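A closer look at the structure
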Amino acid sequence: MKTSLKFASSGALVALLAANPALADVTPEQVWTDFKEYFESVGYEVSGDEAVSSSTMTVSNLVLKMVQEQANTTSTVSIGQLVMTDQGDGTVSVTVPAEIPMRIVADPAEGDAADISINVAQTGMQTVVSGDPGDATYTFSANTMTVSLTNLTVEGEQLPADAAQVSVALNGMQGVSKMSVGDMRSFEQTGTVDKVTYDMSFKDPKGEGSGNFSGSVDAVTLEALGSLPLTIDPDDAAAMFNNGFNAVANFAHSGGKSSFQVEENGTTTQGNTSSQNGTFAVSIGKEGVSYSVSGTGTQLELMGGEIPFPVALAMDEFGFNFKMPLSKSDEEQDFALGVTLGQFTMSEMIWNLFDPGTVLPRDPATIAFDLTGKAKLFLDLLDEAAIKNAEMSGQMPGEVNSVSVNNLTVELAGAKLDGKGDFTFDNTDLQTFNGLPRPTGVANLMLTGGNALLDKLVQMGLLKQEDAMGARMMVSMFAVPGAGEDVLESKIEINDQGHIMANGMRIQ
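Residues numbered from 1 in each chain as written. Predicted model: local features only at pLDDT ≥ 70, side-chain atom pairs only at ≥ 80, totals over all residues. Heavy atoms only, no water.

As for the overall build of the protein
Rules: Runs of E in the DSSP output that reach at least two residues are strands. Runs of H or I that reach at least four are helices, and both are numbered from the N terminus. Throughout this description, buried means an accessible area under 20% of the type-specific maximum (1.4 Å probe, protein chains only), exposed means over 50%, and partly exposed covers the range between. Every residue pair with non-hydrogen atoms within 4.5 Å of one another is taken to be in contact. Each accessible area is a Shrake-Rupley result for a 1.4 Å probe, and residues are judged covered by the shown protein chains and nothing else. Counted charges follow a simple rule, with Lys and Arg positive, Asp and Glu negative, and His plus the chain ends left uncounted. Every charge is mapped to an atom, namely NZ of Lys, CZ of Arg, CG of Asp or CD of Glu.
Helix and strand content of the protein: seven helices and 27 strands. Principal-axis analysis of the C-alpha atoms gives the protein an extent of 90 × 55 × 45 Å. Across the 508 residues in the protein, those meeting the buried criterion constitute 35%. Taking the intrachain contacts of the protein between residues at least 6 apart in sequence as the baseline, contacts between residues at least 24 apart amount to 57%. Carbon and sulfur atoms provide 55% of the accessible area of the protein, an area that totals close to 26800 Å². Both charge centroids of the protein, one from 26 positive and one from 65 negative side chains, sit 6 Å from each other.

Shown next, in the form of structure tokens:
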């Protein structure tokens, strides 16, 4: 719940600076009214001195303040002056100061108290509002926008300036935002950033270590849409979701690079990373949350510290996806988990550590799996009180009803394992499998090149001949010869009596 509320709070600042369509109407007065109503609806107190001329609405000493009582956190955005000017063509230009300071003061029940000051600076910001009341479009652009940490105080002690330095810059930013207001605030936004750069450094005040991290990402694009309730309680994320909050966002980039250096215990470790492109997608709402990340052409180089020689790793494809429900339901809901580490390679120097004779094939390795399934939740995961009660009473938050292994691939050193399977679970039977729900289903596996890999491990001296023989005997209990040379297949079945069968033969 706290994470969702912090997202909403930080999103409010982005809404202001990046022309969030909450500032939507066709006259300066209407723009200000919508601005104020929007931020008040998400939990901010809005204060400022209003002044109106023939074509301009100016608000001076403008401050946004949000108090989250449960987290004991106060966020303040000191905008200063907001100027909205009628351009005479049915549109309104919005001007914000070149610098906007933010302050977050937190004293949580768990964790350290902190006082954080952040400065948001921009150059060349241009924002134009067009459209009709309740259905407005914002077109915006900026040469640069930089977010930087200016002060950090922990437990009442102000840290030195070099203890934590953080700066993130967006260069060449432009986009279009639209919002329509009815029973909900529906929004759509598209945007691009030519380059994102970041620079962070940390230094232990006691002199026990330091670190520097920097990098950049090129050609970032964003597509987002969703709906917000007209009123949001910053201390009740569950109500926000139950009242219809939902959002979908897709990010992409055309490549990035980074470098880092960490000093600890008198040693220095440094490295570099790079990628050709990548994507990130997120969807969140009452029904659940899902994430997916992908990338191509990833490279990593490390040296120093406890690493005795330079290390070089590369991966052609990386992927991760995750999906889970959030709300209590008597009906089954979908979940998913997937990982892809495709065409992984490492430098010859690493290979030669354990295979100096070049016995093993040095083909790229791949590890990938894709799981989907059905589950039931017995409580809302956004309801902190319900979760605490479940923890105290020992109540299970939910149950898994089925799992499908849509794909399992492990390809390494000339051998390859493929697999698929489907299982259902009887949650009323916790005795057959010692406290676990009893599964029923079938998994099919195929191993190619397994015997050849065992022979090579024996040749390298990593396995004794008798150990390899024992491994072959063990595999023979679960597998039968398949089509082709050095191919083994296995059908593992768990029936409704809890018996485990391997290729039709009962093994348990």
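A closer look at the packing of aromatic side chains
Centre distance and the angle of the planes are the two values used to describe a pair of aromatic rings. Basically, it comes down to this: Pairs were defined over the aromatic rings of Phe, Tyr and Trp, the Trp ring being its six-membered one, requiring ring centres within 6.5 Å. Orientation was assigned from the angle between planes: stacked under 30 degrees, edge-to-face over 60, tilted for the rest.
Under the definition given, this model contains 10 aromatic pairs. Note on Trp32 and Phe35: the rings are 5.4 Å apart at their centroids and 20 degrees apart in plane angle, and the pair reads as stacked. One end of the pair is Trp32 and the other is Phe35, both in helix H2 (residues 28-41) and three residues apart, which spans about a single turn. The exposure class assigned to Trp32 is buried, which follows from its relative accessible area of 5%. Through pairs of rings, three or more aromatic residues link up here, namely Trp32, Phe35, Tyr38, Phe39 and Tyr44.

Some thoughts on the packing of helix H6 (residues 450-460) against helix H7 (residues 465-476)
Note the cut-off: Here an angle of 0 to 180 degrees is reported between the N-to-C directions of two axes, which are lines fitted to C-alpha atoms, with helices fitted over the stretch in contact. Orientation categories follow fixed angle ranges, with anything under 35 degrees roughly parallel, anything over 145 roughly antiparallel, 65 to 115 roughly perpendicular, and all other angles oblique. Less than a right angle of anticlockwise turn of the near helix away from the far helix marks a crossing as left-handed, whereas a clockwise turn marks it as right-handed. Gly counts as polar in this scheme, as do all residues outside two lists: the nonpolar Ala, Val, Leu, Ile, Met, Phe, Trp, Tyr, Cys and Pro, and the charged Asp, Glu, Lys and Arg.
It is the contact of H6 with H7, at a shortest axis distance of 9 Å, that shows an interaxial angle of 165 degrees. The angle between the axes of H6 and H7 places the two elements in the roughly antiparallel class. The chirality of how H6 crosses H7 is right-handed. Counted together, Asn451, Leu454, Asp455 and Val458 of H6 and Gln465, Ala468, Ala471 and Arg472 of H7 form the full contact between these two elements. Considering only residue class, the contact of H6 with H7 consists of four nonpolar, two polar and two charged.

Side note on the pairing of strand S17 (residues 288-304)
Quick note on the threshold: We treat two strands as partners when DSSP finds at least two bridges between them.
Relative to S17, strand S15 (residues 267-275) is paired through six bridges, and the arrangement is antiparallel. Paired with Thr273 across the bridge in S17 is Leu300. In this sheet, S17 lies alongside strand S16 (residues 277-285) in antiparallel orientation, the contact comprising nine bridges. In the sheet register, Gly278 faces S17, and the bridge partner there is Gly295. Connecting S16 to the next strand, S17, in antiparallel fashion are two residues. Of the pairings in the sheet, the one linking S17 to strand S18 (residues 307-325) comprises 15 bridges and is antiparallel in character. Across the sheet, the residue bridging to Thr296 is Glu317, located in S18. Here S17 folds back onto S18 in antiparallel fashion, the turn holding two residues, of which Gly305 has a positive phi close to 65 degrees.

What about the pattern of salt bridges?
Which entries qualify depends on this criterion: The term salt bridge refers to a pairing of a side-chain nitrogen on Lys or Arg with a carboxyl oxygen on Asp or Glu at a separation within 4 Å.
Under the definition given, this model contains 10 salt bridges. With its nearest N and O atoms 3.7 Å apart, the salt bridge here joins Asp355 to Arg362. Overlapping salt bridges, with partners in common, bring together Glu348, Asp355 and Arg362 in one network.

Some remarks on the confidence of the model for the protein
Quick note on the threshold: pLDDT expresses how confident the predictor is about each individual residue, on a scale running from 0 to 100.
Of the residues in the protein, 95% reach a pLDDT of 70 or more, and the chain-wide mean stands at 90. Overall, residues 1-25 carries pLDDT values under 50, and its contacts beyond four positions in sequence, including any with other chains, amount to 75 contacts.

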